[in-house]
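What the coordinates show
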Amino acid sequence: MAVEAVDWGARSGEGCVAIRGAAGESGGFSQTITVQESSRYLASCWLKSDSPKVSATLRVRWLDPQGTTLKTDEKAWTPSSPHIYENLVMEAYSPPGAASARIGLEAFFTGDATLLIDDFYMVRLHVLEGGPWVGGDVMDGVAMEPNILGSRRLEDYSGEYGRVVVIGHRGEVLADVGEGRPRIIYDPSLMDVAEAERRARILLEEGDGSRELEVESWIDRGVMVGDLAQVSIPGIGVAQLLHVLEAEYDFRRDRMRLRLGGRRRLLEDVVRGISSSLESMSIAFRQGEAVQEVMREPRVIYVREVPPITMENPSGVVLDGRGRVVLAEGVVQGSFESSATPEPKAFKRWIRCGFKGEGDITAEILRADGTRAETLQSSWHSFLQDYIPRARGEWITEKSLWQADNGSLETTRGIYNPEAVKLVRLNPSQPSTLKLGGNLSINISDMRYMRFAALTDTGNPVRVRLMTDEGNYLEASAETGRWTWTWNEIGMGVFMRRGDPDLGNINSIEFLVEDGETGVLAVDYHHLFMKYGAETLRLKLTLRRPTPSSPTPAVEMIYWVWEVA
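On a predicted model such as this, the values are computed, not experimentally measured, just so you know. (Residues numbered from 1 in each chain as written. Predicted model: local features only at pLDDT ≥ 70, side-chain atom pairs only at ≥ 80, totals over all residues. Heavy atoms only, no water.)

**Side note on the overall build of the protein**
Scanning the protein from N- to C-terminus turns up two helices and 43 strands. Split into buried and exposed, the 565 residues of the protein put 52% on the buried side. In the protein, of all internal contacts separated by at least 6 residues, the share reaching a separation of at least 24 is 72%. Accessible surface for the protein amounts to roughly 24500 Å². Of this, 47% is attributable to carbon and sulfur atoms. (Helix = DSSP H or I, 4+ residues; strand = E, 2+ residues; numbered from the N terminus. Buried < 20%, exposed > 50% of the residue type's maximum accessible area, 1.4 Å probe, protein only. Contact = heavy atoms within 4.5 Å. Areas by Shrake-Rupley, 256 points an atom, 1.4 Å probe, with all protein chains shown as cover.)

**Points about unusual backbone geometry**
Here the residue pair Ile 388 and Pro 389 is connected by a cis peptide bond, since its omega of -10 degrees sits within 30 degrees of zero. Of note, Pro 389 is situated in the loop between strand 28 (387-388) and strand 29 (402-405).

**Points about the sheet that holds strand 29**
If you trace the six strands from one edge of the open sheet to the other, you get 29-32-39-34-35-38, paired in antiparallel fashion. Bordering the open sheet on either side are strand 29 and strand 38 (496-498), each of which pairs with just one other strand. Strand-to-strand twist in this sheet, taken as the mean axis angle between neighbours without regard to direction, amounts to 25 degrees. (Pairing = 2+ DSSP bridges. Axes fitted to C-alpha atoms, helices over the stretch in contact; angles between N-to-C directions.)

**Considering the nonpolar core**
One finds Met 450, Phe 452, Leu 466, Ile 509, Phe 511 and Phe 529 to be the most contacted residues of the largest nonpolar core, which totals 33 residues. Secondary-structure elements contributing two or more residues to this core are strand 31 (419-425), strand 32 (432-442), strand 33 (449-456), strand 34 (462-469), strand 35 (472-478), strand 39 (506-513) and strand 40 (520-524). Counting residues in each nonpolar core, the second largest holds 27 residues, with Ala 56, Val 60, Leu 88 and Ala 98 among its members. (Core = buried A, V, L, I, M, F, W, Y, C linked by side-chain atoms within 4.5 Å.)

**A closer look at the environment of Leu 426**
With respect to the helices and strands, the residue Leu 426 is situated in the loop between strand 31 and strand 32. A relative accessible area of 62% means that Leu 426 is categorised as exposed. Taking the C-alpha atoms as reference, Leu 426 lies 8.0 Å from Gly 519; in sequence the two are 93 residues apart. Among residues more than four places away in sequence, those in contact with Leu 426 are Asn 406, Gly 407 and Ser 408.

**Here's the deal with the sheet that holds strand 5 (residues 54-63)**
Across the sheet, four strands lie side by side as 3-8-5-6; this open sheet has antiparallel pairing. Lying at the two open borders of the sheet, with one neighbouring strand each, are strand 3 (26-34) and strand 6 (69-77). The mean angle between the axes of side-by-side strands here comes to 15 degrees, regardless of whether they run parallel or antiparallel.

**Digging into the side chain of Ser 338**
Tracing the sequence through the fold places Ser 338 in strand 24 (residues 333-340). Beyond its immediate chain neighbours, meaning those up to four positions away, Ser 338 contacts Glu 312, Leu 537, Arg 538, Leu 539, Ile 558 and Trp 560.

**Here's the deal with the environment of Ser 30**
Relative to the helices and strands, Ser 30 resides in strand 3. Separated by 30 residues in the primary sequence, Ser 30 and Val 60 place their C-alpha atoms 9.1 Å from one another. Sequence-distant contacts of Ser 30, that is, excluding residues within four places in its chain, are made with Arg 102, Ile 103 and Gly 104. At 2.9 Å, the side chain of Ser 30 and the side chain of Arg 102 are in polar contact. (Polar contact = N/O pair within 3.5 Å; in protein donor to acceptor, adjacent residues only side chain to side chain.)

**Comments concerning the pattern of salt bridges**
Counted by the stated rule, this structure contains 20 salt bridges. The residue Arg 20 makes a salt bridge to Glu 4 at a minimum N-O spacing of 2.1 Å. On the criterion of sequence distance, the pair formed by Arg 20 in strand 2 (residues 16-21) and Glu 4 in strand 1 (residues 2-6) is long-range, its members being 16 residues apart. Given the relative accessible area of 29%, Arg 20 is considered partly exposed. For the salt bridge of Glu 475 with Arg 498, the shortest nitrogen-to-oxygen distance reads 3.6 Å. Taken together, the residues Glu 475 in strand 35 and Arg 498 in strand 38 connect sequence positions 23 residues apart. Within this structure, Arg 463, Arg 465, Glu 475, Arg 498 and Glu 514 form a network of salt bridges that share partners. (Salt bridge = Lys/Arg side-chain N within 4 Å of Asp/Glu carboxyl O.)

**A few points about the packing of aromatic side chains**
Overall, the coordinates contain five aromatic pairs when judged by the stated rule. Both rings, one in Tyr 41 and one in Trp 62, keep their centres 5.7 Å apart while their planes meet at 55 degrees; by these two values the pair is tilted. Within this pair, whereas Tyr 41 is found in strand 4 (residues 40-49), its partner Trp 62 is found in strand 5, the two being separated by 21 residues in sequence. Under the relative-accessibility criterion, Tyr 41 is labelled buried at 5%. (Phe/Tyr/Trp six-rings, centres within 6.5 Å; stacked < 30°, edge-to-face > 60°.)

**Considerations on the side chain of Ser 44**
Along the polypeptide, Ser 44 turns up in strand 4. Given a relative accessible area of 3%, Ser 44 falls into the buried group. Other than its neighbours up to four places away in sequence, Ser 44 contacts Leu 58, Asn 87, Leu 88, Val 89, Asp 119, Phe 120 and Tyr 121.

**Examining the environment of Arg 463**
Considering the arrangement of structural elements, one finds Arg 463 in strand 34. A sequence separation of 50 residues divides Arg 463 from Val 513, and the C-alpha atoms of the two residues are 6.9 Å apart. Ignoring sequence-local partners within four residues, the contact set of Arg 463 consists of Glu 475, Ala 476, Glu 510, Phe 511, Leu 512 and Glu 514. Engagement of the side chain of Arg 463 in a polar contact is seen with the side chain of Glu 475, the distance being 2.8 Å. Only 2.4 Å separates the side chain of Arg 463 from the side chain of Glu 514, close enough to count as a polar contact.

Read these as spatial facts, not as claims about activity.
Encoded structure:
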């Protein structure tokens, strides 16, 4: 029995996995990924054999945080034709309490045979339905209801072009595939001819995925760019799997708008288009600058580093023939870094980052100064930073947590939430306080930014206090706009210490108005405290093997995800 990566026989790209076996043997491979509980997933791979004497089982074991198996889903495959790739697809539901999944493929041999496996993945599957469900309205105990509130066609590239030209590094033509009217793709970071030709072939061959749609649905905050959606809209004749190319959220109406497309529109192209559009956005998100009253709702930017991977600060690692990062010959440990810097003008928050690879690989997230921020436990593990409060605007909606001293507590139209808290002063000659909590007991010791929007009727600054108790607190000044929401991002190092505040036990947050002219103060936010802002984060990956002759680990993708508005 042998399981190995080979550089021949691939369905796409330059390589695949080959399993060779004889009668009575079995074997395969598996990988653990982070998942969300009570969610729908699609597992898929393509299989090809040179003999009918082999079968395979696609298996997903759902694990709790301690690694205990909660349930197992599996689907069997037997070849119907030799030497032809066939798609094995399985839909599965993560049970409540699931934190990760072990997805794998096991082959069983009744004679000498070779099985090739390619395009192996598992992704969260979102169901978008524009009409009554067929076959009932309950699946695995989950009620299914139509959730598309509106839809429209955007583009259809069918027959638009029959040729794709890919221009890469220094303007070099790396691929020219097909005949007829050309579509030209530019990627100045691309240097690999084989990868360019792969992208060109996908653009030409995946004709069924050419349609782009825009749909409106209820908000699902788990939707990420790059996810798959099973879309069924009988009214316009759509019933297929489409990729999520862009997601915009309207939190006031609890709705989201998704742009969906097929594989012909490569995710890399979409990301470049989204990133370039940030340059033209007019909303300023820096302390003291006015935020427009009508804002674009948040959306997600998903950036991938794919072969040939760009290495920063490499040590003991090289690129193999497929553009993956591997250990150099004779080296048992090596490392490299990859970095991402969001556009600060539109940045909202870091969401996650991670990598895809095989073998012994560990990863650390570093800040720009080199200090360690987080550690990733395994391939496809997603870093998700901590926020206070954890849910968007959680404390804004809890009016019982707020108090008004020398003023009345009211609400006004929010910029992030449907309603924001507002203080209306009773006696302008005396200081007034808008106070959150009294017994919050939150730990902000590892938070680096306080972020919120504020407005007053005068545009005068206000003071912010982070209180352990009356004699021990942190204090800073915050900007406001005259009847205009103004964004504040205050570094924790800016706060002045009064007394001996305990950052591990902040019980209340106070916004103070002392100017006699200011009669109204309003505050709104998504998350009050965050670990990371619009700063460069670096992912340092370390590859290890027991001996110089052992197979090398390999890193084949790095991804970064953040939210903009």
